[in-house]
Amino acid sequence: MTTTPEAAGPAAGASQLLKGIGKIDGDGFKDTTRKGEVVFVYAQPLPEPYAPGQYPRVGNTGYSASTQQYDFAPATVDEAREHIEARLAAAADELARAKKLTNDLGKIIHDMTVAQQAAWIEWQHGKGADAAMTWIHNGLAGPGFIPDEDEPYGKEAQAWYDANRADPFPTCFCGRPSNSLWMGKGFCSNAHYEQHRAEVEAQKKEG
Ligand SMILES: [Zn+2]
C-alpha cells in the first residue's frame, strides 16, 4: 500500500475514531472537560488555524477535543458502534419529542381558531355580538387568561396587544408599547411616529 505525503488521517485499516478520556477538569465555561469523561473524535487532526492536537468531535465536528484535555486511543469497533448508536438514538428521541410538541401546539392553535370562527358565526348568523363574546370569554376563562384590569394596559385593547404579543416592537420614545415600526424604532401612535419623523427631517436639514 502506498500513501502520499500529504495524506492526513488514519491509514486504511486504522481506527477511524479515537476514544478520549478526560485528564483535566476544565473551567466549566470555555473548557467543559471533566476528569474521566469519555469523548469520541474523528482520527483526523484539525488543520490550522487550530492548534496542533485538536480533533473534531463525533456528532459535533465544529467542536474540538484536544490532546491537552484528553488521552486518546483508537476506539474499538464495538466502542465506536455503541457511541454512534447512542448518539443516533438520543437524536431520534429528541426529534420524537419535538414532533409531539409541534403536534400538541398545532391542536391548541387549531382549537383557538375554531372557537374564534364559532364566535364570528354567532355574531353574523346567531345571537349577535354579545353572545359571540361568550365564546371568546369562555376560551379565556377556562385556562385563567381573563386579563386583570390592574395589569399594565389592562383596560386598553391596542396597548395590551402591543405590550403582550410574542414579539413586541421596540417601546415608543414615550414609554408606551408600539404598534408601528419605522427605521428600527417603534411608535405607540401615528402622532408619535409623525413627531419622530419630523425630528429626523429637521436634523437632516441642520446636518
Ligand atoms: Zn408614544
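What counts as what
- Residues numbered from 1 in each chain as written.
- Predicted model: local features only at pLDDT ≥ 70, side-chain atom pairs only at ≥ 80, totals over all residues.
- Domains from an automatic or database assignment.
- Helix = DSSP H or I, 4+ residues; strand = E, 2+ residues; numbered from the N terminus.
- Buried ≥ 20, exposed ≤ 12 C-beta atoms within 10 Å, placed from the backbone.
- Pairing = 2+ DSSP bridges.

## Here's the deal with the domain arrangement of the chain
Each domain of the chain was delimited in the assignment, giving domain 1 (17–80), domain 2 (106–146) and domain 3 (157–206). Computed from C-alpha coordinates alone, the two centres of domain 2 and domain 3 are separated by 31 Å.

## Here we look at the environment of G175
Relative to the elements of secondary structure, G175 occurs in the loop between α3 (157–164) and β6 (180–182). On the neighbour-count criterion, G175 (7 C-beta atoms within 10 Å) is exposed. Along the primary structure G175 and E94 are separated by 81 residues, whereas in three dimensions their C-alpha atoms are 41 Å apart.

## With respect to the pairing of strand β4 (residues 60–66)
Examined bridge by bridge, strand β3 (residues 54–57) and β4 share four bridges and lie antiparallel to one another. Looking at β4, one finds that P56 is bridged to S64.

## Details of unusual backbone geometry
If a residue is not glycine, its phi is most likely negative; likewise, a peptide bond is most likely trans. Cis peptide bonds are those with omega within 30 degrees of zero, and the linkage from E48 to P49 qualifies with 10°. Residue position: P49 is located in the loop between β2 (38–42) and β3. A positive phi angle, close to 50°, is found at M183, a residue other than glycine. Note that M183 resides in the loop between β6 and β7 (185–187). Its 7 C-beta neighbours within 10 Å are what place M183 among the exposed residues.

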